[in-house]
Amino acid sequence: MTTPVYKRVLLKLSGEALMGDDAYGINRATIERMVADVSDVAKLGVEVAIVIGGGNIFRGVAPGAQGMDRATADYMGMLATVMNSLALADAMRQAGMMARVMSAIGIEQVVEPYVRPKALQYLEEGKIVVFAAGTGNPFFTTDTAAALRGAEIGAEVVLKATKVDGIYSADPKKDPTATRYSKISFDEAIAKRLQVMDATAFALCRDQKLPIRVFSIVKPGALQSVILGEDEGTLVHV
């Protein structure tokens, strides 16, 4: 089967996913592999928007941020996501893809500001849109930014890329009897206290009836399998 089941998706990447096996920063081979995965999906005609975290960069300065005002630390994290977004967009450019970075905080000399109609125009033109700087507000995670942007652009699903191939009944690294859920409802996930996303992001997706698909970004071809509707990862639904 080569027909996508989704027309427009919001892909949530953690900053840590860019590190590969490094302690922090951006691993070039890792980012190139991710770009190749996104390229394969875009070639199927799927419109892709991306929200990326900043943990891989912020981790390097975290010791110095101890005791820092929470809002200040969060703004530093937002700037880290801008750096990751620029790196991702440039890797896409080198791979022959058209990407646009849109920031929730104003730094027009570096990237353009987030404007919803413009973002929708870029997606309709077949460009990859990378949303940087989270929601633009402290105290909100990039998970929440992914839920918010996904709802705003009318994405059919939020694809949460992790290092685990779905949601399990227990930690598969600690419990060999843990089983992967193929599908689970939002209410079930809440009742079982499964850590899918942070509570704000999770509630927003549930209220907007925006499903979440959790899958492994380190598994080759997993993103395309999700797009083609195969039993990959875990679907959280209403």
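Here, the structure is the one placed above.
Keep in mind the model is a prediction, meaning the values are calculated, not measured. (Residues numbered from 1 in each chain as written. Predicted model: local features only at pLDDT ≥ 70, side-chain atom pairs only at ≥ 80, totals over all residues. Heavy atoms only, no water.)

## Examining helix α1 (residues 28-42)
Worth spelling out the cut-off: Think of it this way: any DSSP run of H or I at least four residues long counts as a helix, any run of E at least two long counts as a strand, and we number them from the N terminus. Each residue after the first adds 1.5 Å to the expected span of a helix. To sort residues, take the accessible area from a 1.4 Å probe on protein chains only and compare it with the maximum for the residue type: under 20% means buried, over 50% means exposed, and anything in between is partly exposed. Here a residue-residue contact requires only that any non-hydrogen atoms of the pair lie within 4.5 Å. Two N or O atoms count as a polar contact when they lie within 3.5 Å, although within protein this holds only if one can serve as hydrogen donor and the other as acceptor, and sequence-adjacent residues are included solely when both atoms are side-chain atoms.
With 15 residues, α1 extends 21 Å from end C-alpha to end C-alpha; this agrees with the ideal 21 Å at 1.5 Å per step. Among the residues of α1, T30, I31, M34, V35, D37, V38, S39 and V41 are the ones counted as buried. Contact partners of the buried residues in α1: β1 (8-13), β2 (47-52), α3 (70-94), β5 (128-132) and α8 (222-227). Two or three places before A29, at the opening of α1, N27 has a side-chain oxygen 3.2 Å from that residue's backbone nitrogen.

## Structural notes on the sheet that holds strand β4 (residues 112-113)
Our working rule: Paired strands are those between which DSSP finds at least two bridges.
In space, the nine strands of this open sheet follow the order β4-β3-β5-β2-β1-β6-β8-β9-β7, with mixed pairing throughout. With one partner strand each, in any of the chains shown, β4 and β7 (183-185) form the two edges of the open sheet. Strand direction decides the pairing type here: strand β6 (residues 157-162) and strand β8 (residues 212-216), joined by five bridges, are parallel. The residue of β8 that forms the bridge with T162 is S216.

## Comments concerning the pattern of salt bridges
Note the cut-off: One speaks of a salt bridge when a side-chain nitrogen belonging to Lys or Arg is within 4 Å of a carboxyl oxygen belonging to Asp or Glu.
For the structure on display, the rule yields twelve salt bridges. E47 is paired through a salt bridge with R8; the nearest N and O atoms lie 2.7 Å apart. Taken together, the residues E47 in strand β2 and R8 in strand β1 connect sequence positions 39 residues apart. When its relative accessible area of 11% is taken as the criterion, E47 is described as buried. What makes R8 buried here is its relative accessible area of 13%. The shortest N-O distance in the salt bridge between E125 and K127 comes to 2.6 Å. Via salt bridges that share partners, K12, D143 and K160 belong to a single interconnected network.

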